[in-house]
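# A structural walkthrough
Chain by chain, the residues:
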Amino acid sequence: MINLSHISKIELEIKYLDALIYACNRLGFEFVENQNTYRWYGRWVGDSPLPEGISKDELGRCDHAIKIPGCTYEIGVVKKNNMYILLWDSWDSKLRLAIGHNAGIIKQAYTAELVRYKARLKGYSVLEKKTQKGIRIVLQK
Amino acid sequence: MEEIIIDIDESGEISVETRGFRGKACLEESQFVKDLLGHELFRQLTPAYYITEKIKTKKYLKLCG
């Protein structure tokens, strides 16, 4: 048994567009660069909280978009303070199912793609496996 | 063997664990993962964190004089 020396919880910030594109490819989603609007209900009715740093006037506009096969609505990708914020209308149940709670499935794929690429550059061997709760990536040197 | 383990659950929650490191090296080695992904919300150090490398010392006995 190898000794556990510390545990950290991380709040994800999407900073690398390439990794987001790879994540979309992994999930079978289409990343559309420079699409400036994304499909949604069209006006905010207060059925879900606004993402931090986004006003209701900014909804519907984006820098890039993500299309998901079989879904009517789309995901907007907005660049703000060197980070990318994902915007979507969770009324579309197919979209909700495809991206998971809080877009967790996209965040999972993004993290996996980013860590795999950057860790290999630093000389780590990378193992990825499915777990009951999600994905586990093990870096070894 | 030294390992950095990253778990990402279905809601996008990320936890990072380090195994097999001694002392502060685990924090240094895993920092690049944390910088890459965002910011650290919580950290828990375990007893293995406080284990230091064994230092070998030699003692000489005076035999005469």
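Residues numbered from 1 in each chain as written. Chains lettered and ligands numbered in written order. Predicted model: local features only at pLDDT ≥ 70, side-chain atom pairs only at ≥ 80, totals over all residues. Heavy atoms only, no water.

A separate point is the sheet that holds strand β1 (residues 3–9) of chain B. On the basis of which strands lie adjacent, the open sheet formed by six strands has the order β6(A)-β7(A)-β1(B)-β2(B)-β1(A)-β3(B) and antiparallel pairing. Each edge of the open sheet carries a strand with a single partner, namely β6 (125–130) of chain A together with β3 (38–45) of chain B. The sheet shows a mean angle of 20° between the axes of neighbouring strands, taken without regard to direction. Examined bridge by bridge, strand β1 (residues 4–12) of chain A and β3 of chain B share seven bridges and lie antiparallel to one another. Residue Glu-11 of chain A lies in a different strand from β3 of chain B, and its bridge partner there is His-39 of chain B. (Pairing = 2+ DSSP bridges. Helix = DSSP H or I, 4+ residues; strand = E, 2+ residues; numbered from the N terminus. Axes fitted to C-alpha atoms, helices over the stretch in contact; angles between N-to-C directions.)

It is worth spelling out the sheet that holds strand β3 (residues 64–67) of chain A at this point. Residues and elements named next belong to chain A. Pairing within the open sheet is antiparallel, and its four strands lie in the order β2-β3-β4-β5. Each having just a single partner strand, β2 (30–33) and β5 (83–87) make up the two edges of the open sheet. Adjacent strand axes in the sheet meet at a mean angle of 25°, parallel and antiparallel pairs treated alike. One ladder, built from three bridges, connects β3 with strand β4 (residues 75–80); its direction is antiparallel. Of the residues in β4, the one forming a bridge with Ala-65 is Gly-76. Strand contacts of helix α1 (residues 17–27): β2, β3, β4 and β5, with the helix running at about 145° to β2, the strand carrying the most contacts. (Contact = heavy atoms within 4.5 Å.)

This brings us to the packing of α1 of chain A against helix α3 (residues 104–121) of chain A. When two helices pack together, their arrangement is given by the angle between their axes and by how far apart the axes lie. Residue and element names in this part refer to chain A. Two numbers describe how α1 lies on α3: the axes approach to 8 Å, and their chain directions differ by 120°. Along this stretch, α1 crosses α3, giving a crossing that reads as right-handed. Contacts from Ala-19, Leu-20, Tyr-22, Ala-23, Arg-26 and Leu-27 in α1 reach Ile-105, Ile-106, Ala-109, Tyr-110, Ala-112, Glu-113, Leu-114 and Arg-116 in α3. Looking at the contact of α1 with α3, its residues break down into 11 nonpolar, no polar and three charged. (Left-handed = near helix turned anticlockwise from the far one by under 90°. Nonpolar A, V, L, I, M, F, W, Y, C, P; charged D, E, K, R; others polar.)

So, about the environment of Ile-85 of chain A. All names here are of chain A. Summarising the element assignment, Ile-85 is placed in strand β5. Relative accessible area serves as the criterion here: at 16%, Ile-85 is assigned to the buried category. Spatially, the C-alpha atoms of Ile-85 and Asp-18 are 14 Å apart, while their sequence positions differ by 67 residues. Beyond its immediate stretch of four places on either side in the chain, Ile-85 contacts Pro-51, Glu-52, Ile-54, Gly-76, Val-77, Val-78 and Lys-80. (Buried < 20%, exposed > 50% of the residue type's maximum accessible area, 1.4 Å probe, protein only.)

By the secondary structure assignment, Thr-46 of chain B is in the segment after β3. Among the residues examined, Thr-46 of chain B registers a relative accessible area of 10% and is labelled buried. A polar side-chain atom of Thr-46 of chain B sits 2.3 Å from the main-chain carbonyl oxygen of Leu-4 of chain A. Dropping the residues within four chain positions of it, Thr-46 of chain B is found in contact with Leu-4, Ser-5 and His-6 of chain A. (Polar contact = N/O pair within 3.5 Å; in protein donor to acceptor, adjacent residues only side chain to side chain.)

Moving on, we get to the packing of aromatic side chains. Aromatic ring pairs are defined here through the distance separating the ring centres and the angle between the ring planes. Residue and element names in this part refer to chain A. Applying the stated criterion across every chain, the model contains three aromatic pairs over all chains. Ring centres of Tyr-38 and Trp-40 lie 6.4 Å apart, and the angle between their planes is 35°; this geometry places the pair in the tilted category. Each member of the pair, Tyr-38 as well as Trp-40, is classed as buried. Their ring planes at 40° and their centres at 6.1 Å tell us that Tyr-73 and Trp-91 sit as a pair that is tilted. Residue Tyr-73 is found in the loop between β3 and β4, and its partner Trp-91 is found in the loop between β5 and α2 (93–99); the two are separated by 18 residues along the sequence. (Phe/Tyr/Trp six-rings, centres within 6.5 Å; stacked < 30°, edge-to-face > 60°.)

Averaged over all residues, the pLDDT of chain B equals 84, while 86% of them reach at least 70. The secondary-structure element of chain B with the lowest mean pLDDT is β3 of chain B, recorded at 90, while β1 of chain B shows the highest, at 94. (pLDDT = per-residue confidence, 0-100.)

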